[in-house]
Amino acid sequence: MTRHFLRDDDLTNLEQREVLALALAAKRDRLSLRPLEGPRTVAILFDKHSTRTRVSFAVGVAEMGGYPLIIDASASQAGRGESIEDTARVLDRQCAAIVWRTFGQSNVERMAAVSRVPVINALTDSFHPCQVLADLMTVAEERGGIGALPGTKLAYFGDGANNMAQSYMLGGALAGMSVAIATPPSHQPDPSIVAAAHELALENGGVVEVTADPLAAIAGADAVATDTWVSMGMEGEASERSTPFAPYRVTQDLMSRAGPGAIFLHCLPAYRGHEVAPEVIDGPATRVWDEAENRLHAQKALIAWLLEQS
């Protein structure tokens, strides 16, 4: 059976731990994973702008002995209306895996429904599961290993309806973590995703909380995360989105109320003075550059694991 990674809960708790363990090993020995020697090709599709996703997948595929085939929507027939299903049937005969950074979650779901090779969600409007794998890896490194993830608290501040908040809930709950989403009542996560996260938390010993109170969310946090207030495609709403999120800005004062030794995470790009204060992202608590590098190792591990399972 072909395995895909379209949202965080496409893995079980044990499988998530396997991928994270493989990622940590790959970081210690950059060229230890070689499932793409030949070279085999991985198609990497972009409907959205990207820095970290483009770099980490291209470098990762090359380091595994493969060839990263970068396809921008504007330069392909998919950008001119060719169906997702037809694109998938062309790619899966020539590529070992398909990676797609796109808009609607239904896009990757339609691709996976017909693809005979693994399809990986490199970001949609609903989820950013590869980023959360890298974030969990970063927290595990800080806390002493994967075994320390259960019971660790991660607090997220900002837009509760965006892809990072929703992936934190699913991925964190799957790992047995305590996840607090601090967001205004006007920007709540999808209720169905909250329900799924609660179920995962119950199964794996975690806790998921959605609150409008930043102080309640920060209490005891081991990791503090945020994201831009204006996601791609929402640029026209920039001015009106600042007001509701202002109380959720990650400042030094907010960080001081977290648990001892709490670290700061941001998936980037960051806008200093908006969602995060410069003294936080550029201060001693920041792990954003480790986090950005860990996209490389987590995604290499994910590709290798999916290929083996498929």
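Residues numbered from 1 in each chain as written. Predicted model: local features only at pLDDT ≥ 70, side-chain atom pairs only at ≥ 80, totals over all residues. Heavy atoms only, no water.

(A) Fine view of the overall build of the protein. For the protein, the count of helices and strands is 12 helices and nine strands. Radius of gyration (C-alpha) of the protein: 19 Å, near the 19 Å computed for a compact globule of 310 residues. With the principal axes as the frame, the protein shows a C-alpha extent of 55 × 40 × 35 Å. Residue burial in the protein is summarised as follows: out of 310 residues, 57% are buried. Once local pairs closer than 6 in sequence are excluded, the contacts in the protein between residues at least 24 apart make up 76%. For the protein, the accessible area works out to roughly 12200 Å², and carbon and sulfur atoms hold 52% of it. Averaging the locations of the 26 positively and 38 negatively charged side chains of the protein gives two centres separated by 5 Å. (Helix = DSSP H or I, 4+ residues; strand = E, 2+ residues; numbered from the N terminus. Rg over C-alpha atoms; globule rule 2.2 N^0.38 Å. Buried < 20%, exposed > 50% of the residue type's maximum accessible area, 1.4 Å probe, protein only. Contact = heavy atoms within 4.5 Å. Areas by Shrake-Rupley, 256 points an atom, 1.4 Å probe, with all protein chains shown as cover. Lys, Arg positive; Asp, Glu negative; His and termini not counted. Charge placed at Lys NZ, Arg CZ, Asp CG, Glu CD.)

(B) The packing of aromatic side chains, seen in detail. Taken as a whole and assessed by the stated rule, the structure comprises two aromatic pairs. Relative to Tyr168, the ring of Tyr156 lies with its centre 5.9 Å away and its plane at 50°, an arrangement referred to as tilted. Of the two residues, Tyr156 sits in strand S5 (residues 153–157) while Tyr168 sits in helix H6 (residues 163–174), which places them 12 residues apart along the sequence. By relative accessible area, Tyr168 is classed as buried at 3%. Between the aromatic rings of Trp229 and Phe245, the centroid separation amounts to 6.0 Å while the plane-to-plane angle is 35°, which identifies the pairing as tilted. Taken together, the positions of Trp229 in the loop between strand S8 (223–226) and helix H9 (238–245) and Phe245 in helix H9 put the pair 16 residues apart, joining distant regions of the chain. (Phe/Tyr/Trp six-rings, centres within 6.5 Å; stacked < 30°, edge-to-face > 60°.)

(C) Structural context of the sheet that holds strand S4 (residues 119–123). Sheet architecture is open: four strands sit in the order S2-S1-S3-S4, paired in parallel fashion. Across the chains shown, the open sheet's two edge strands, defined by having one partner strand only, are strand S2 (67–72) and S4. Strand-to-strand twist across the sheet, computed as the mean angle between neighbouring axes with direction ignored, equals 20°. Bridging between strand S1 (residues 41–46) and strand S3 (residues 97–101) involves five bridges; their strand directions are parallel. Bridge assignment links Val42 to a residue of S3, and that residue is Ala97. Sheet strands touched by helix H3 (residues 84–91): S1, S2 and S3. Its angle to S3, the strand with the most contacts, is close to 145°. (Pairing = 2+ DSSP bridges. Axes fitted to C-alpha atoms, helices over the stretch in contact; angles between N-to-C directions.)

(D) Quick look at the environment of Gln131. Following the sequence through the fold, Gln131 ends up in helix H5 (residues 129–143). Its relative accessible area of 1% is what places Gln131 among the buried residues. Sequence separation of Gln131 and Tyr168 is 37 residues, and the distance between their C-alpha atoms is 9.3 Å. A polar contact is formed between the side chain of Gln131 and the side chain of Glu291, at a distance of 3.4 Å. In this structure the side chain of Gln131 is engaged in a polar contact, spanning 3.0 Å, whose partner is the side chain of Arg295. (Polar contact = N/O pair within 3.5 Å; in protein donor to acceptor, adjacent residues only side chain to side chain.)

(E) Expanded view of the side chain of Asp8. Locating Asp8 in the fold gives a position in the segment before helix H1 (13–28). In this structure, Asp8 is buried with no salt-bridge partner, the nearest side chain bearing the opposite charge being Arg7 at 6.6 Å. Separated by 2.6 Å, the side chains of Asp8 and Ser167 make a polar contact. Once residues lying within four places of it in the same chain are set aside, the contact partners of Asp8 are Phe127, Pro129, Val132, Ser167, Leu170, Gly171 and Leu174. (Salt bridge = Lys/Arg side-chain N within 4 Å of Asp/Glu carboxyl O.)

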